[in-house]
Amino acid sequence: MTSPQPAETRTQRRSAQTATLAEIAREAGVSAPTVSKVLNGRADVAPATRARVEELLRAHGYRRRRAEATRSPLIDLVFHELESAWAMEVIRGVENVARDTGLSVVLSESAGRLTPGRTWADQVAARRPHGVILVLSDLDESQRALLTSRSIPFVVMDPAGDPGADVPSIGATNWQGGLAATRHLIDLGHTRIGAISGPTRMMCSRARVDGYRAALETAGLPVDPDLITTGDFHHEAGYRQGLELLRRPDRPTAVFAGNDLQALGLYEAARELGLRIPQDLSVVGFDDLPVARWVGPPLTTVRQPLTEMAEAAARLVLDLGRDDGSTVATRVELATSLEVRSSTGAPAVV
């Protein structure tokens, strides 16, 4: 005779879970269907109510059963800003991994904000993707809690700030890249080397400029704050800040442009002022976008392995979602390398 125990056990488990949800509903002062809406990521719940229910769910240690946590075949890829050349390399890397695993990629942009809005978090919770990859972005505490309560893993690629020890992230050796770029110019004989940094709020930008400073200091060269300008990683900033540097009576003979787009803007500024690259001005970029090989002259730049970083981020977020007890490295930095082309040379003899 077959024992009825398994059916009884299932009933007991269902009763225990129902009681837990009912208790949460009573404590929150809402109905059980409202708690269910919060659990399922529905948008038709007032923010204050949702926050109250989420807090109680965490306090009770509620975790969705695997049967309830059916994921859609998606990876959410979030940019703080969608720039064609840079973003395409990242999209390509995520698509490579998604295609191999039968998943699709959902793209979104946070309109320049480093933290997506609350509406975005609700939409992701409702979609239940396999994971979320944030590029130069981060999540606030409530967004992290929401994704965690839905068992949706997330990874930050090239984090804008310090993501914290508990946030999985993929980055590159930005400091080492800035050091290598500047040492290359020093080895060519340059002593007045300018820099166009990216936004100071971004950790990768600060690390690149710190590497630039370290190279000058270790070579016994002064760090002139007047030769360091702040851009925003866009072409226009390279042009604007380039004009400012190159119009100085004691202009630099070389510039580390911080990224390739700013380097291309600097090219334009040099042409406008009648300066030849590299005869009158040496230029180094950062990223090694495909265009760097085709501009005239081809750009010396620090290769940041964007596609490989995106692939690593996609594999990491999928590994985190498997929850099979295996150990996963959650803080990864990929190496940068200097690609020497024709935009750098020895300074002109005066």
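An account of the accompanying structure is given in this report. Keep in mind that what you see is a predicted model, and the values were worked out from it rather than measured.

With that out of the way, let us pick up the packing of helix 9 (residues 235-246) against helix 10 (residues 260-272). For the pair helix 9 and helix 10, the least separation of the axes is 6 Å and the interaxial angle reads 45 degrees. Viewed along their axes, helix 9 and helix 10 adopt a mutual orientation that is oblique. Where helix 9 crosses over helix 10, the handedness of that crossing is right-handed. For the pair formed by helix 9 and helix 10, the contact residues are H235, A237, G238, Y239, G242, L243 and L246 on the first element and L261, Q262, L264, G265, L266, E268, A269, A270 and E272 on the second. Per-class residue counts for the contact of helix 9 with helix 10 are 9 nonpolar, 5 polar and 2 charged.

Moving on, we come to the pairing of strand 4 (residues 154-157). Each regular strand shows side chains that alternate between the opposite faces of the sheet. Alternating residues of strand 4 divide into F154 and V156 and V155 and M157, and every residue in both groups is buried. Pairing geometry for strand 3 (residues 131-135) and strand 4, over 4 bridges, is parallel. Residue pairing across strands places V135 opposite M157, the latter belonging to strand 4. Since strand 3 and strand 4 lie parallel, the crossover through helix 6 (residues 141-149) that links them has a hand, and here it is right-handed.

Moving on, we get to the side chain of Q241. Relative to the elements of secondary structure, Q241 occurs in helix 9. Separated by 3.3 Å, the side chain of Q241 and the backbone oxygen of T230 make a polar contact. Dropping the residues within four chain positions of it, Q241 is found in contact with I196, T229 and T230.

The next thing to look at is unusual backbone geometry. The linkage connecting I277 with the following residue, P278, adopts the cis geometry, with an omega of 5 degrees. Counting through the fold element by element, P278 comes out in the loop between helix 10 and strand 9 (282-287). Cis peptide bonds are those with omega within 30 degrees of zero, and the linkage from G296 to P297 qualifies with -5 degrees. Relative to the assigned elements, P297 resides in the loop between strand 9 and strand 10 (300-303). In the Ramachandran plot, S151 falls in the positive-phi region, its phi being about 60 degrees despite a non-glycine side chain. Along the chain, the position of S151 falls in the loop between helix 6 and strand 4. Positive phi, close to 130 degrees, is recorded for D287, a residue that is not glycine. Within the element layout of this structure, D287 appears in strand 9. On the accessibility criterion, D287 (3% relative accessible area) is buried.

Now for the packing of aromatic side chains. With the rule as written, the count across this model stands at 1 aromatic pair. Taking 6.5 Å as the distance between ring centres and 50 degrees as the angle between the ring planes, the aromatic pair formed by F256 and F286 counts as tilted. Residue F256 is located in strand 8 (residues 254-256), and its partner F286 is located in strand 9; the two are separated by 30 residues in the primary sequence. Owing to a relative accessible area of 2%, F256 belongs among the buried residues under this scheme. Taking the relative accessible area as the measure of exposure, F286 reaches 0% and is therefore buried. Its guanidinium or amino end placed over the ring of F286, R208 lies 3.8 Å from that ring's centre, counting from NZ or CZ.

Calculation notes
- Residues numbered from 1 in each chain as written.
- Predicted model: local features only at pLDDT ≥ 70, side-chain atom pairs only at ≥ 80, totals over all residues.
- Heavy atoms only, no water.
- Axes fitted to C-alpha atoms, helices over the stretch in contact; angles between N-to-C directions.
- Helix = DSSP H or I, 4+ residues; strand = E, 2+ residues; numbered from the N terminus.
- Parallel < 35°, antiparallel > 145°, perpendicular 65-115°, else oblique.
- Left-handed = near helix turned anticlockwise from the far one by under 90°.
- Contact = heavy atoms within 4.5 Å.
- Nonpolar A, V, L, I, M, F, W, Y, C, P; charged D, E, K, R; others polar.
- Buried < 20%, exposed > 50% of the residue type's maximum accessible area, 1.4 Å probe, protein only.
- Pairing = 2+ DSSP bridges.
- Right-handed = clockwise from strand over helix to strand, strands pointing away.
- Polar contact = N/O pair within 3.5 Å; in protein donor to acceptor, adjacent residues only side chain to side chain.
- Phe/Tyr/Trp six-rings, centres within 6.5 Å; stacked < 30°, edge-to-face > 60°.
- Lys NZ or Arg CZ within 6 Å of the ring centre and 35° of its normal.

That's the geometry; what it means functionally is another story.
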